[in-house]
Amino acid sequence: MKHLAEENIAEKKIGLRVDLNVPIKNGEILNDERLSAALPTIQFILERTNKLCIISHLGRPEEGKFDKNYSLDPIKKWLEDKLEVSIPLIKNFTEVPDSLSIMENIRFFKGEKSNDQELTSIISESFDVYVMDAFATAHRSSSSTYGAIIKSKKACSGLLFSKEIKNLDAALVSSKNALSVVGGSKVSTKLKVIQNLLTRSSKVLVGGGIANTFLKAAGKNIGSSLVEDDMLSVSQKLLATNKIILPTHVYVADSPEANSAQLVSVDNVAADKMILDIELSNEISSIGNIDYVLWNGPLGVFEIDLFSNGTQQLISCLEETSAKVIAGGGETIFAISKFSHKNKFHYVSTAGGAFLEYLSGHKLPSVEALRLK
Ligand code: 3PG
């Protein structure tokens, strides 16, 4: 894969695909971590050429029309503030100036999602070099990602993209002493991730609703907890690897709306109670020597403080460990921003869906396209 640092971009016209898809409410940016993560590549390019057009999507607007709610205007203002320059927000590839600009939401363009060849040609022919830095969108085969990389005369990965791949690969290949932690609500959505991580980690600790299904598959009574009965048999097969660590103690309540929770052994869950969180102290002390930890998915209903114990315990433990911790995924990033005070993780990916796809062992279209360049 060709990296930005290896490409001669001096005075060249650059199209930079970044992922500036951040939560915005009433024009206010609620979390700017992805924007900050995109800055080093923008600055790197601007030090060599100011003929830079920044391209991103925001949300999932209807294609083919402008929708103010999905305009990149608040992001343009954020960038202007950080870069201390004014940046025109342009609406068409015929308007790309020979100076810094930002393209309006690329998902307003008809054909972006389906990798329409006409749009792909328009994008790729607008620039001398196309820089792909949107790792969080690398799993989408759209015109401005996969399509433009393939069609551009020259394309390379940006600094963030390269950093993401380097860190994820390091954790995925250094399997000997790696622990994976997989939470979230459903085994079905994480099945491929768990299967792949079982081949690359010494142990896989499960939490969240996923743990309920595994506990039931292991013969435990899980009361009225969320469970996927159609995943029981595959869960039993995964348990037979003897690499899955199940919680031994859990927090139960009548419902997620309850005002209190009880800590019980997984052998004592009453028929009318739901498991909504896990207690991690036993599991943490039994983990042993680990070089890498890969974490995706909260371990309980962490949005509700009462059921955020397992997720918080995990974050504290990961902040103290000498192991390299790589975390990612939408809810995981949110949990870290909510509960981590030390910012001591080795690497937190900016990606949600793309992170999961990568952990599943799937080939990401934009990664493959860049490897062909
Ligand atoms: C994300 O937030 O995961 C990326 O920006 C991709 O967004 P999408 O799921 O709407 O393609």
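The rules behind these values
- Within every chain, residues take consecutive numbers counted from 1 along the sequence as written.
- Reporting in this predicted model follows two pLDDT cut-offs: at least 70 for local features of residues, and 80 or more for side-chain atom pairs to be given and counted; totals over whole chains, interfaces and linings ignore these cut-offs and use all residues.
- As a rule here, side-chain values come from all non-hydrogen atoms in the structure, and water together with hydrogens is ignored.
- Where each domain starts and ends follows an automatic or database-derived domain assignment.
- In this analysis, two residues are considered to be in contact whenever any of their non-hydrogen atoms come within 4.5 Å of each other.
- Summed over both partners, the accessible area lost on bringing two parts together, with a 1.4 Å probe, is the buried area.
- Salt bridges are counted wherever a side-chain nitrogen of Lys or Arg sits within 4 Å of a carboxyl oxygen of Asp or Glu.
- When accessible area is computed with a 1.4 Å probe and restricted to protein chains, residues below 20% of their type maximum are described as buried, those above 50% as exposed, and intermediate ones as partly exposed.
- Any two strands with at least two DSSP-identified bridges between them are counted as paired.
- Helix numbers and strand numbers start at the N terminus; a helix is a DSSP run of H or I with at least 4 residues, a strand a run of E with at least 2.
- Consider the strands pointing away from the viewer: the crossover is right-handed when the path from the first strand over the helix to the second runs clockwise.
- Buried Ala, Val, Leu, Ile, Met, Phe, Trp, Tyr and Cys residues form a nonpolar core when they are joined through side-chain atoms within 4.5 Å.
- Stacked, edge-to-face and tilted labels apply to pairs of Phe, Tyr and Trp rings (six-membered ring for Trp) whose centres lie within 6.5 Å, assigned for plane angles under 30 degrees, over 60, and everything in between, in that order.
- Ring-over charges, as used throughout, are those where CZ of Arg or NZ of Lys falls within 6 Å of the ring centre and within 35 degrees of the ring normal.
- A fitted line through C-alpha atoms represents every axis, and for helices the fit uses only the stretch in contact; the resulting angles, taken between N-to-C directions, go from 0 to 180 degrees.
- Residue proximity to a molecule or strand is established when one non-hydrogen atom of the residue lies within 4 Å of it.
- Here a polar contact means two N or O atoms within 3.5 Å. Within protein one must be a hydrogen donor candidate and the other an acceptor candidate, and residues neighboring in sequence count only if both atoms are side-chain atoms.
- Here the open area of atoms and residues is found with the Shrake-Rupley method and a 1.4 Å probe, where only the protein chains shown may cover a residue.
- For this classification, Asp, Glu, Lys and Arg are treated as charged, while Ala, Val, Leu, Ile, Met, Phe, Trp, Tyr, Cys and Pro are nonpolar and the rest, including Gly, are polar.

Colleague: Requested: an account of the domain arrangement of the chain, with residues and values cited.
Modeller: Structurally, the chain comprises domain 1 (4–157) and domain 2 (164–359). Just the C-alpha atoms count here: the centres of domain 1 and domain 2 sit 34 Å apart. Between domain 1 and domain 2, the contact holds 8 residues from the first and 13 residues from the second. When the two sides are added together, the surface that domain 1 and domain 2 hide from each other amounts to roughly 720 Å², 72% of it contributed by carbon and sulfur. On the domain 1 side of the contact with domain 2, R34, F135 and H139 bury the most area, a combined 69% of that side's loss. At the boundary of domain 1 and domain 2, one finds 0 salt bridges.

Colleague: Can you break down the pattern of salt bridges residue by residue, with the values?
Modeller: Considering all chains together, one arrives at 14 salt bridges under this definition. Among the ionic pairs, E7 bridges to K2, the shortest N-O distance being 3.7 Å. A salt bridge links E47 to R48; the nearest nitrogen and oxygen atoms lie 3.6 Å apart. On the basis of relative accessibility, which here comes to 62%, the residue E47 falls in the exposed class. Using a relative accessible area of 35% as the deciding quantity, one classes R48 as partly exposed. Beyond isolated ion pairs, a larger network of salt bridges with shared partners links K2, E7 and K154.

Colleague: Which residues make up the pairing of strand 16 (residues 324–327), and what are the values?
Modeller: Bridge count between strand 15 (residues 292–296) and strand 16: 4 bridges; the pairing is parallel. Bridge assignment links Y292 to a residue of strand 16, and that residue is K324. Considered for its hand, the β-α-β crossover made up of strand 15, helix 10 (residues 309–320) and strand 16 is right-handed. Relative to strand 17 (residues 347–348), strand 16 is paired through 2 bridges, and the arrangement is parallel. Residue pairing in the sheet places A327 in a bridge with V348 of strand 17.

Colleague: Which residues make up the nonpolar core, and what values do they have?
Modeller: Counting residues in hydrophobic clusters, the biggest one holds 89 residues, and the most contacted among them are F93, F135, F214, I244 and W295. Summarising the domain contributions, this core has at least three residues from each of domain 1 (4–157) and domain 2 (164–359). Within the second largest apolar cluster, 28 residues are counted, among which are I9, F44, L58 and I102.

Colleague: Before we move on, could you go through the packing of aromatic side chains and cite the residues and values that matter?
Modeller: By the definition in use, this model includes 7 aromatic pairs. For the pair F66 and F108, a centre-to-centre distance of 5.3 Å together with 70 degrees between the ring planes defines the contact as edge-to-face. You can see F66 sitting in the loop between strand 4 (52–55) and helix 2 (73–83) and its partner F108 sitting in the loop between strand 6 (101–103) and helix 3 (117–125), a full 42 residues away along the chain. Here F108 falls in the buried class, since its relative accessible area comes to 9%. Geometrically, the ring pair formed by F135 and F161 is edge-to-face, given 5.6 Å between the ring centres and 80 degrees between the ring planes. Placement of F135 in the loop between strand 7 (129–132) and helix 4 (143–151) and of F161 in helix 5 (residues 159–173) is noted, with a sequence separation of 26 residues between them. The two residues F135 and F161 agree in class, both being buried. In this structure an aromatic cluster arises from ring pairing among F93, F109, F127 and Y130. A cation over a ring is seen here: R48 above F44, with NZ or CZ 3.6 Å from the ring centre. Over the aromatic face of F66 sits the side chain of K91, whose NZ or CZ is 4.9 Å from the ring centroid.

Colleague: Which residues make up the sheet that holds strand 12 (residues 249–253), and what values go with them?
Modeller: The strand order across the open sheet formed by 3 strands is 13-12-14, and the pairing between neighbours is antiparallel. With partners counted over all chains shown, the strands left at the sheet margins are strand 13 (262–265) and strand 14 (274–279), one partner each. Geometrically, the sheet is characterised by an average inter-axis angle of 40 degrees between neighbouring strands, direction not taken into account. Helix 10 contacts strand 12 and strand 14 of the sheet and is inclined by roughly 20 degrees relative to strand 14.

Colleague: Please provide a residue-by-residue account of the site of the ligand, values included.
Modeller: Around the ligand, the neighbouring residues are D19, N21, R34, H57, R60, R107, A136, R140 and G353. The side chain of D19 places a nitrogen or oxygen atom 2.7 Å from an oxygen atom of the ligand. Interatomic distance of 2.7 Å between a side-chain N/O atom of R107 and an oxygen atom of the ligand. Compared with its free state, where it exposes 310 Å², the ligand has 87% of that area covered by protein. Here the residues of the shell around the ligand are counted per class, giving 1 nonpolar, 3 polar and 5 charged.

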